[in-house]
Amino acid sequence: MNARRGVASLSASQHVLDNKEDVTHLLILRFQQMMSDGVLRPGTKLPPERELAAHFKVARSSLRPALKVLEIMGVIQQRVGDGSYLNRDASSVLAVPMEFLFLLDDTSVQELTELRFLMEPSLAAKAAERANSSDIAVLRQSIEDLEASEGDRVKLVASDLLFHRAIFEASGNRLTGRLFHTIHRAMLNMMMVTSQLVDLEHTLAFHKPILAAIEQRNATLASTLMTAHLADAANLLTQIQEQEKERTLRDHMATTKFAVQRTPRTAKATPDKANQRSARS
């Protein structure tokens, strides 16, 4: 039974981001990367739908609703008979506020962070006690994929998510696998956000020791290392929240300054003040 569970884990891990509901999230991430790399520039006409689907390696039926969401967000603009264009202010729109990503799943940052602290250290401990050879193979594969993801944030996020999914399943409790399916999009959102602040080596510095502890059957150490990993992610989220607050404040101040500059320095005399001056003369 345990061997069958391992084989199932490996098969599922190969499709960790194949769920159609993940396509929109991944397209946002891919568009961000293409713009930062200069592949797409504001105002650029997008390739035809067929080429986009092939480029992103998704079915056109999955691509269309994702493009619709991007249009609603203001990232792209559909021109009848002409195709789709990347809006000139798309770069600012694609700096997707963290809260927006979580609202897509009706899950708050705080709720997900709290749940992960409650579960994942214990799951890592159970994985150290129960993981079989197939589970270990998936964990190793996730790290190899992570090491090969240099410069590709989509692959980095996919590898990160695979690592955590493998630990859920290596715990040997079938209910945790179902729970992962319930929260994996919220976890994907969190990883999309935190991946913007750290490099590849940062993530590897947490994943490799956790894998080593699981391989050594050291449940206490695996739990401790997972707690440290989650604490680091929580700190990154706090940094991003603070950056968003600062950006909002700067935008507000810039808007206020612009409004003040446009306000005439001398206001016209009101009728009452004009009458008072006439009466004195």
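Treat the numbers as computed from the prediction; the structure is a model and nothing was measured.

Colleague: Honestly, the pattern of salt bridges in this entry has me stumped. Any pointers?
Modeller: The full count for this structure, using the stated rule, is eight salt bridges. Between Arg140 and Glu215 there is a salt bridge whose closest N-O contact spans 2.7 Å. Placement of Arg140 in helix H8 (residues 133-147) and of Glu215 in helix H11 (residues 200-215) is noted, with a sequence separation of 75 residues between them. Owing to a relative accessible area of 45%, Arg140 belongs among the partly exposed residues under this scheme. Note on Glu215: relative accessible area 33%, which makes it partly exposed. In this structure, Glu169 engages Arg165 in a salt bridge whose closest nitrogen and oxygen atoms are separated by 3.3 Å. Of this pair, Glu169 and Arg165 are both found in helix H9 (residues 153-170), four residues apart, which corresponds to roughly one turn of the helix. Each member of the pair, Glu169 as well as Arg165, carries the same accessibility label: buried.

Colleague: Can you help me understand the packing of helix H7 (residues 109-130) against H9 in this one?
Modeller: For any two helices packed against each other, the geometry is given by the interaxial angle and the distance between the axes. At their nearest, the axes of H7 and H9 sit 7 Å apart, and the two run at 65° to each other. Here H7 is positioned roughly perpendicular relative to H9, judged by the angle of their axes. Viewed along their axes, H7 and H9 form a crossing whose handedness is left-handed. Residue-level contacts link Arg116, Met119, Glu120, Leu123, Ala124, Lys126, Ala127 and Arg130 of H7 to His164, Ile167, Phe168 and Ala170 of H9. Across the contact of H7 with H9, the residue classes tally to seven nonpolar, one polar and four charged.

Rules behind the numbers
Residues numbered from 1 in each chain as written. Predicted model: local features only at pLDDT ≥ 70, side-chain atom pairs only at ≥ 80, totals over all residues. Heavy atoms only, no water. Salt bridge = Lys/Arg side-chain N within 4 Å of Asp/Glu carboxyl O. Helix = DSSP H or I, 4+ residues; strand = E, 2+ residues; numbered from the N terminus. Buried < 20%, exposed > 50% of the residue type's maximum accessible area, 1.4 Å probe, protein only. Axes fitted to C-alpha atoms, helices over the stretch in contact; angles between N-to-C directions. Parallel < 35°, antiparallel > 145°, perpendicular 65-115°, else oblique. Left-handed = near helix turned anticlockwise from the far one by under 90°. Contact = heavy atoms within 4.5 Å. Nonpolar A, V, L, I, M, F, W, Y, C, P; charged D, E, K, R; others polar.

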